[in-house]
Amino acid sequence: MKKKIKARDLREAKKQEKLAAFSAKANTVYENEDKNVEAFPEALNLRSIKKSMNKAAGLKSTLIDGKSLYLTAFGKGNNAVVEHMIATDDSYSLKTLENEPSLKVKAADELKVTFMSRRPFVQESELSAVNPLHSGKDKPNKSAGQDMLGLKSELEKRYFGKIFDDNLHIQIIHNILDIEKIIAVYATNITAAIDHMVDDDNEQYLQGDFIGYMNTLNTYEVFMEPSKNPRLDSNARKNIENSREKFEYLLDTQRLGYLSLEYDKRSKDKRKSEEIKKRLYHLVAFAGQLRQWSFHSVEGLPRTWIYQLDNPKLAQEYRDTLDYFFNERFDAINKDFIETNNINLHILKEVFPAEDFQKLAALYYDFIVKKTFKNIGFSIKNLREQMLECDEAEKIRSKDMNSVRSKLYKLFDFCIFYQYFIDEERSRENVNYLRSTLNDEQKDAFYEEEGKRLWSENRKKFIYFCDNINKWVKNDYSDEVAKCIDLNEFRVNSNVSYFSKLLYAMSFFLDGKEINDLLTTLINKFDNIRSFIDTANFLNIDVKFTKDYDFFNIICDYAGELNIIKNIARMKKPSPSAKKNMYRDALTILGIPTEMSDEQLDAEIDKILEKKINPVTGKTEKGKNPFRNFIANNVIENKRFIYVIKFCNPKNVRKLVNNTKVTEFVLKRMPETQIDRYFESCIEGNLNPTTEKKIEKLAEMIKNIKFEEFRNVKQKVRDNSQEAVEKERFKAIIGLYLTVIYLLVKNLVNVNSRYVMAFHCLERDAKLYGVQNIGGDYLALTAKLCAEGDDYGKKLSEAKQNINQDKVQMPKNYFLARNKRWREAIEQDIDNAKKWFIGEKFNNVKNYRNNVAHLTAIRNCAEFIGEITKIDSYFALYHYLIQRQLAGRLDPNHPGFEKNYPQYAPLFKWNTYVKDMVKALNSPFGYNIPRFKDLSIDALFDRNEMKEETDDEKKIQT
């Protein structure tokens, strides 16, 4: 019997065939007088191609308006340039709208548009884009922009008040929906982190979701005294009082100080202390409201809350707090600008004497503060690095320049940026050239050649910098510079939107990578929205949002605002008042004996800090304890430390590495070179075994590290002494330990984020389909749409018999309605969910959703992680942890356990997750089949994971 070809294998084969055909044509290297042909590789490596050929060719999008199809190409930045219009009638007539289009249309029909590009690397290739008006020869005139969920018309009515015969409006809408999805993830993570800061071994606060009852509906006065709002009933007052108690406890823990949010209730300035407390309340209330808006299906809370922060319903004190934190940051930046950059400003004035210094200083301000150089489409840093590779720059690379290197590089980078600023055409050529590259080798070759050109053009200037830098740094030019420029003319305008200010305020709770991910995504989405609106205006297509979404009608550079915030929103140093608690948490995660009482732990910390009372002054003073400095340098100041503390109880962190199978799993996903370095640094007397053995030994070492091992480490040691070697070994051990825990926690948080998005979309889509109370029954939407699909199938079958198919109306969700096999599989999962997880006194489908919302699987992972026996993906680990959480305190040894709880029996028997349970718990997402598959099948969840697929997984994908 011939083996059936899997659909996924067939798709992959077609992709490789297309790539091979494309590669054969793409070997012709683009030639012109400015590019060195020999610098580029002679042939393309298929595996190195990292972007679609259409994107490399410059095709940005295909837009539909009625029966007209438009091809847009990449313009400056993220702008779209409309180059061609194709009238999609029988003749498919073409009209070129640009004088010199980058795309050359060859033909168009109901299936596709064939075109070629003038861009390098792809100019000899014939490419094609699907005609979005048609889904196939047998189904012409497909509704423009319709998606498989069939919600286009509902979304257009919500955002624009009417239905359109184009795909432009729905693309704008989906970018807005993407904004809300990414905010939902980080709002959820922030509120969970704040909750977890309160959640410790104190039973009074354990597992409390106090954030759930904090929101911007209550002023600070009402929060402190609920009786001052007579409209609140007794339950509402009780909830506020409970939240206030936990908020007070959060302040007492000083853990907000880890995030640079200073509060000391012992301060002598009671007025200032109360003002800070009020500001912190506003921040936490904003976080709670943001989570309610983005994740929960809460009646009465406007869908557009985040877009209406100017609404009078929001108390002015909340906006005052956003102004306070935003202005505080930028006032500090503007105050320090001349003081910290006066030398460079003086140098630029000397090197560019012909330029208007006020304009030059303004551009330098944009470069330093707004970091506009990061948005020009190519890397200034890469160009500078390649530029300084030439032999003539040897002096600049020498150790003699180490003390002034950062200042020199800042000057070099600004000069490079300035050159492209005044030569926009060259900058645009570089961007287009890089967009056409298909792999890293081609990009590297560009930077090498352009770097050589830059050195050739600016060598005198750069050598002059190098020769005079030591003379310049000895002087203070701040007074001279201040007299020559008016800083108020170009300082950051504090009149930015409250939307952006709120995102800045929330960045206090995020680390650098999280801030970058959140804001980069938002910037991209706002750029896309602006580009679509500009294109619509060019084509005279009406784009007018409804009153609720008037936020997007206002001409405001939200992407520009967020880009500035991304560049200044970085974690600041923890507050001094948090130091003692940070030492407590640091010692705890290193494994200080857990049987210590709080008093004993405090005494141990005081001993480490060497707090002594001065007999003369009577004041408490710190001594010089090497161990204190060692802990500070290697634990507290490690950014991974704070990330772990945000999501894990410090008392349980040590347990995360007790299961060597889990630790080995984490280590196996680290680069082999990194494993080699850690093994060489951490393991004494090593004999260079295989990588597998190295990982085993490192995992065992991490499991067995003891707090006492670090106590006697010496800080001040002679170079190359045994003490120096020992110190470096302990530093490496702590570094690896924190890295493993960080990677474990971070990846579990990332997995959880996928389910946060899914529940966010479920609650949003349920209302669009008319299911209002999805929170009462999370299975309701999928069950309703499956039933509609069954009814459609039945009527269609009857119509076929009567040869009367035209009268059968397709349900909104046509994709589910047409997939009988998948519909039946999902209906079985719904039945399993009802049978296994929903009873008179419990609803584990709802508990699953709540565990996702509160990151419970991560918070409580130490309780169950030691039992898992098989782990080959973070997906598998996450679902084992969440399934064990849902199983609660069930006793697998109790008589009749397997009979009464068949769904949980394999979980305890094999100590690994149960796949059928995953599908049953995810059945609420079954209305969107691709999302359900991606979230329920390990092999599809993360396509970068290289795992062997089981027969079940192979079968379900076809």
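Conventions and cut-offs
- Residues numbered from 1 in each chain as written.
- Predicted model: local features only at pLDDT ≥ 70, side-chain atom pairs only at ≥ 80, totals over all residues.
- Heavy atoms only, no water.
- Helix = DSSP H or I, 4+ residues; strand = E, 2+ residues; numbered from the N terminus.
- Contact = heavy atoms within 4.5 Å.
- Areas by Shrake-Rupley, 256 points an atom, 1.4 Å probe, with all protein chains shown as cover.
- Salt bridge = Lys/Arg side-chain N within 4 Å of Asp/Glu carboxyl O.
- Pairing = 2+ DSSP bridges.
- Axes fitted to C-alpha atoms, helices over the stretch in contact; angles between N-to-C directions.
- Phe/Tyr/Trp six-rings, centres within 6.5 Å; stacked < 30°, edge-to-face > 60°.
- Buried < 20%, exposed > 50% of the residue type's maximum accessible area, 1.4 Å probe, protein only.
- Parallel < 35°, antiparallel > 145°, perpendicular 65-115°, else oblique.
- Left-handed = near helix turned anticlockwise from the far one by under 90°.
- Polar contact = N/O pair within 3.5 Å; in protein donor to acceptor, adjacent residues only side chain to side chain.
- Patch = residues over 30% accessible without salt bridge, like charges linked within 9 Å, V, L, I, M, F, W, Y side chains within 5 Å.
- Lys, Arg positive; Asp, Glu negative; His and termini not counted.
- Charge placed at Lys NZ, Arg CZ, Asp CG, Glu CD.
- Expected span 1.5 Å × (residues − 1).
- pLDDT = per-residue confidence, 0-100.

### Observations regarding the overall build of the chain
For step 1, the next point in the chain: Helix and strand counts for the chain stand at 41 helices and nine strands.
For step 2, the next point in the chain: When contacts within the chain are restricted to residue pairs at least 6 apart in sequence, those whose partners lie at least 24 apart make up 69%.
For step 3, the next point in the chain: In the structure as shown, the chain presents an accessible area of about 46,500 Å², 47% of it carried by carbon and sulfur atoms.

### Quick word on the pattern of salt bridges
For step 1, the next point in the chain: All chains considered together, the criterion is met by 38 salt bridges.
For step 2, the next point in the chain: Across the pair Lys76 and Glu424 runs a salt bridge, and its minimum N-O distance is 3.6 Å. Separated by 348 residues along the polypeptide, Lys76 in the loop between strand S2 (68–74) and strand S3 (80–87) and Glu424 in helix H13 (residues 424–436) bring together distant segments of the chain.
For step 3, the next point in the chain: Two residues, Glu248 and Lys277, come together in a salt bridge whose shortest N-O distance is 2.7 Å. Taken together, the residues span a long stretch of sequence, with Glu248 in helix H6 (residues 234–253) and Lys277 in helix H7 (residues 270–294) at a distance of 29 residues.
For step 4, the next point in the chain: Bridged by salt links that share partners, the residues Arg426, Glu450, Arg453 and Glu457 form one connected network.

### Thoughts on the sheet that holds strand S6 (residues 112–117)
For step 1, the next point in the chain: Spatially, S5-S6-S7 is the arrangement adopted by the three strands of the open sheet, whose pairing is antiparallel. The open sheet terminates on both sides in strands that have one partner only, identified here as strand S5 (103–108) and strand S7 (127–130). In this sheet, adjacent strand axes meet at a mean angle of 35° when their direction is disregarded.
For step 2, the next point in the chain: When S5 meets S6, the two strands line up antiparallel, connected through five bridges.

### Regarding the packing of aromatic side chains
For step 1, the next point in the chain: One pass over the structure, following the stated rule, counts 67 aromatic pairs.
For step 2, the next point in the chain: Taking the centre distance of 4.9 Å and the plane angle of 70° together, the rings of Phe337 and Tyr365 count as edge-to-face. Highlighted residues: Phe337 in helix H8 (residues 316–351) and Tyr365 in helix H9 (residues 357–370), separated in sequence by 28 residues.
For step 3, the next point in the chain: Look at Tyr365 and you get buried, because its relative accessible area is 0%.
For step 4, the next point in the chain: Aromatic ring contacts, followed pair by pair, group Tyr159, Phe160, Phe164, Trp293, Tyr307, Phe499, Phe526, Phe545, Tyr549, Phe551, Phe552 and Tyr558 into a single cluster.

### Description of the packing of helix H28 (residues 722–768) against helix H39 (residues 929–936)
For step 1, the next point in the chain: The N-to-C vectors of H28 and H39 enclose an angle of 155°; their axes lie 11 Å apart at closest approach. The angle between H28 and H39 falls in the class roughly antiparallel. Helix-helix and strand crossings are classified by hand; for H28 and H39 the assignment is left-handed. Counted together, Arg754, Tyr755, Ala758, Cys761 and Asp765 of H28 and Arg931, Asp934 and Leu935 of H39 form the full contact between these two elements.

### Points about the side chain of Arg405
For step 1, the next point in the chain: Along the polypeptide, Arg405 turns up in helix H12 (residues 405–422).
For step 2, the next point in the chain: From its side chain, Arg405 meets the backbone oxygen of Ile396 in a polar contact 2.7 Å long.
For step 3, the next point in the chain: Side-chain polar atoms of Arg405 contact the backbone oxygen of Ser398, separated by 2.6 Å.
For step 4, the next point in the chain: Not counting residues within four places of it along the chain, the set of residues in contact with Arg405 comprises Ile396, Arg397, Ser398 and Lys399.

### Here we look at a negative patch on the surface
For step 1, the next point in the chain: Together, Asp336, Glu339, Asp476 and Asp479 make up a region of like negative charge exposed at the surface.
For step 2, the next point in the chain: The topology assignment puts Glu339 in helix H8.
For step 3, the next point in the chain: Take Glu339: its relative accessible area is 56%, and that puts it in the exposed class.

### Quick notes on the pairing of S2
For step 1, the next point in the chain: Counting buried positions over the seven residues of S2 gives seven, a clear majority of the element.
For step 2, the next point in the chain: Sheet topology note: the strand S1 (residues 59–65)/S2 ladder contains six bridges and is antiparallel. Looking at the pairing, Leu63 lines up with Tyr70 of S2.
For step 3, the next point in the chain: Two successive antiparallel strands, S1 and S2, enclose a turn made up of two residues, where Gly66 displays a positive phi of approximately 65°.
For step 4, the next point in the chain: As paired strands, S2 and S3 are joined by seven bridges and run antiparallel to one another. For Leu71, the partnering residue across the bridge sits in S3 and is His84.
For step 5, the next point in the chain: Hairpin connection of S2 to S3: five residues between the antiparallel strands, including Gly77 at a positive phi of 65°.

### Focus: the sheet that holds S1
Either a parallel or an antiparallel arrangement is found when strands of a sheet pair, and the pairing is made through backbone hydrogen bonds.
For step 1, the next point in the chain: Taken together, the four strands give an open sheet; going across it, the order is S1-S2-S3-S4, and neighbouring strands pair in antiparallel fashion. For this open sheet the edge positions go to S1 and strand S4 (93–96), each flanked by a neighbour on one side alone. On average, each strand axis in the sheet is inclined to that of its neighbour by 25°, with strand direction left out of account.

### A word on unusual backbone geometry
For step 1, the next point in the chain: Located in the positive-phi region is Phe121, a residue other than glycine, with phi close to 70°.
For step 2, the next point in the chain: With a relative accessible area of 2%, Phe121 lands in the buried category.
For step 3, the next point in the chain: With a phi close to 70°, Ser260 is a non-glycine residue in the positive phi region.
For step 4, the next point in the chain: Judged by its relative accessible area of 16%, Ser260 falls in the buried class.

### Considerations on helix H19 (residues 579–590)
For step 1, the next point in the chain: With twelve residues, H19 extends 16 Å from end C-alpha to end C-alpha; this agrees with the ideal 16 Å at 1.5 Å per step.
For step 2, the next point in the chain: Across the twelve residues of H19, ten count as buried, placing the element largely inside the fold.
For step 3, the next point in the chain: Of all the positions in H19, only Asn581, Met582, Tyr583, Arg584, Asp585, Ala586, Leu587, Thr588, Ile589 and Leu590 are classed as buried.
For step 4, the next point in the chain: Downstream of H19 by one or two residues, Gly591 has phi in the positive range, about 105°.

### Regarding the confidence of the model for the chain
For step 1, the next point in the chain: Of all residues in the chain, 88% have pLDDT values of 70 or greater, and the mean over the chain is 84.
For step 2, the next point in the chain: Contacts from residues 21–48, a stretch scored under 50 in pLDDT, to residues over four places away or in other chains number 54 contacts.

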